[in-house]
Amino acid sequence: MRRDSETAASPRPRPSLAWDEGCVLAVDQRALPHDYRLLRLETVDQLVDTITSLAVRGAPAIGLAGALGVALSAHRHTSDGRTDEASVKADAARLSAARPTAVNLAWAVRRAVGRLADGPQAVLAEAMTMLEEDAAVNRAAVVRAADLVQSLVPDRPVRILTHCNTGRLATAAVGTALGAIIELHGRGRVAEVLVDETRPLLQGARLTAWELGEAGVPHRLCVDSAAAAAMARGMVDCVLVGADRIAANGDVANKIGTYGLAVAAARHGLPFVVVAPESSWDRELADGSGIVVEERDPGEVTGFAGASVAPAGAAVFNPAFDVTPADLVTAIVSEARVFRPQGSPGTSDLREVPA
Ligand SMILES: CSC[C@H]1O[C@H](OP(=O)(O)O)[C@H](O)[C@@H]1O
């Protein structure tokens, strides 16, 4: 695995993932914001590690990485025009199992494997189609979400609170909730973004603050536990977040801490809006009780960047996600629609956004 470094001081907007001469190129999100580093991934093992270590992260991005991983495997297991499909399917199973919560990973891997019979080039073509679709779909969702937020706060620029990272790094190129924030900024409709640092891996502090700085969007970083106080002080007009998996009734799995934001938003009568493509819905799940929540390494909580912050051997509870019940969600916005769960807050005065 080769790393090509650039300084974060001269980052150039680039897709978070690409295929290059039989390898997968990926921005190493662990190195940001201080080092803009491209990983050149040559094996499925490297790709699995990249997903499990969150070098590549974000529900849509890990799905695309999984699909490119299947293409990598199909090329590696093809010789003299014959593909060892059993070996590719074994690799696909490892890619799918790399992280359990985001629906995108298993779905994208399945879709890439579906083209295996037509050979490695067809698998790669399917993965590249998914990359293009992701950009187009999220672009439409971002515009629809910006329209909705503007209809919720029609008279002035909006003060938004967001959690984790849902920008172009987390997708093929456009982002979801953060894409909508950048779209609103382009319309002159953002007063300020409060960015939750998002413990324990600090996707907000490291990635969202970096993306908003690149885009010139006014923002302030806050510790996760300051979010409810900011709402209580009247500093927030709307909460905007992404999703990893959405059950058929609108229950939303997202980064740990999202549920607390929804409770606080409901307490303060603030819109709580989720932005996610239709592919983030899991319609086979009636509600969120069936969503598998990834538990991660205790070391992520007991230390950071090599510095220990807890007593040796301290027991840890480290779920990577939580599930927000639909009745706390004002709206879920995709490329196709604005979904308003039954009984959710603020829906009575939620003006329908033109299709
Ligand atoms: C558009 S990214 C969606 C989602 O994925 C993130 O999780 P992670 O950083 O663990 O991959 C976070 O929950 C985002 O909201």
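Because the structure is predicted, anything quoted here is derived from the model rather than measured. (Residues numbered from 1 in each chain as written. Predicted model: local features only at pLDDT ≥ 70, side-chain atom pairs only at ≥ 80, totals over all residues. Heavy atoms only, no water.)

Draft legend 1. Just the pattern of salt bridges, in detail. What the rule picks out here adds up to 26 salt bridges. Notably, a salt bridge pairs Arg94 with Asp45, separated by 2.6 Å at the nearest N-O pair. Placement of Arg94 in helix 3 (residues 85–96) and of Asp45 in helix 1 (residues 44–52) is noted, with a sequence separation of 49 residues between them. Exposure remark for Arg94: the relative accessible area of 36% places this residue in the partly exposed category. Close ionic contact of Arg187 with Glu183 constitutes a salt bridge, the shortest N to O distance being 2.9 Å. Accessibility expressed as a relative area gives 28% for Arg187, which makes it partly exposed. Through salt bridges with shared partners, a single network forms among Arg111, Arg115, Asp118, Glu126 and Glu133. (Salt bridge = Lys/Arg side-chain N within 4 Å of Asp/Glu carboxyl O. Helix = DSSP H or I, 4+ residues; strand = E, 2+ residues; numbered from the N terminus. Buried < 20%, exposed > 50% of the residue type's maximum accessible area, 1.4 Å probe, protein only.)

Draft legend 2. Quick peek at the pairing of strand 8 (residues 190–196). Counting buried positions along strand 8 gives 6 out of 7 residues, so the element sits mostly inside the fold. In the sheet, strand 7 (residues 158–162) pairs with strand 8 via 5 bridges, with the strands oriented parallel. By the bridge assignment for strand 8, Ile160 is matched with Val193. With helix 6 (residues 177–186) bridging strand 7 and the parallel strand 8, this β-α-β connection has right-handed handedness. Here strand 8 pairs with strand 9 (residues 219–222) via 4 bridges, running parallel. (Pairing = 2+ DSSP bridges. Right-handed = clockwise from strand over helix to strand, strands pointing away.)

Draft legend 3. Summary view of the side chain of Gln29. As for its position among the elements, Gln29 is in the loop between strand 3 (23–27) and strand 4 (35–41). Sequence-distant contacts of Gln29, defined by excluding residues within four places in its chain, comprise Leu54, Ala55, Val56, Arg57, Leu169, Arg206 and Leu207. (Contact = heavy atoms within 4.5 Å.)

Draft legend 4. Structural view of the sheet that holds strand 17 (residues 321–324). Taken together, the 4 strands give an open sheet; going across it, the order is 14-11-12-17, and neighbouring strands pair in mixed fashion. The open sheet is flanked by strand 14 (281–282) and strand 17, the only strands paired with a single partner. Inspection of the sheet shows strand 11 (residues 245–247) paired to strand 14 by 2 bridges, in the parallel sense. Within the sheet, the bridge partner assigned to Ala247 lies in strand 14 and is Asp282. The strands touched by helix 9 (residues 258–267) within the sheet are strand 12 (252–255) and strand 17, with strand 17 carrying the most contacts at an inclination of about 35 degrees. (Axes fitted to C-alpha atoms, helices over the stretch in contact; angles between N-to-C directions.)

Draft legend 5. Quick look at the state of the cysteines. Applying the stated criterion across every chain, the model contains 0 disulfides. With no disulfide partner, Cys164 has as its closest neighbouring cysteine sulfur the one in Cys222, 13 Å distant. We note that Cys238 lacks a disulfide partner, and the nearest cysteine sulfur, in Cys222, lies 15 Å from it. The exposure class assigned to Cys238 is buried, which follows from its relative accessible area of 0%. (Disulfide = S-S within 2.5 Å.)

Draft legend 6. Up close: the UniProt feature "binding site: substrate" (unreviewed entry) in the chain. As recorded in UniProt, the sites labelled "binding site: substrate" (unreviewed entry) are Arg57, Gly58, Ala59, Arg99, Gln203, Asn254 and Lys255. Along the chain, the position of Ala59 falls in helix 2 (residues 59–76). Judged by relative accessible area, Ala59 falls into the buried class, the value being 4%. Residues in contact with Ala59, not counting those within four places in the same chain, are Ala102, Asn104, Ala170, Ala243 and Asp244. By the secondary structure assignment, Gln203 is in helix 7 (residues 203–215). Residue Gln203 is classed as buried on the basis of its relative accessible area, which comes to 2%. (UniProt positions renumbered as here; feature names shortened; annotations may be inferred.)

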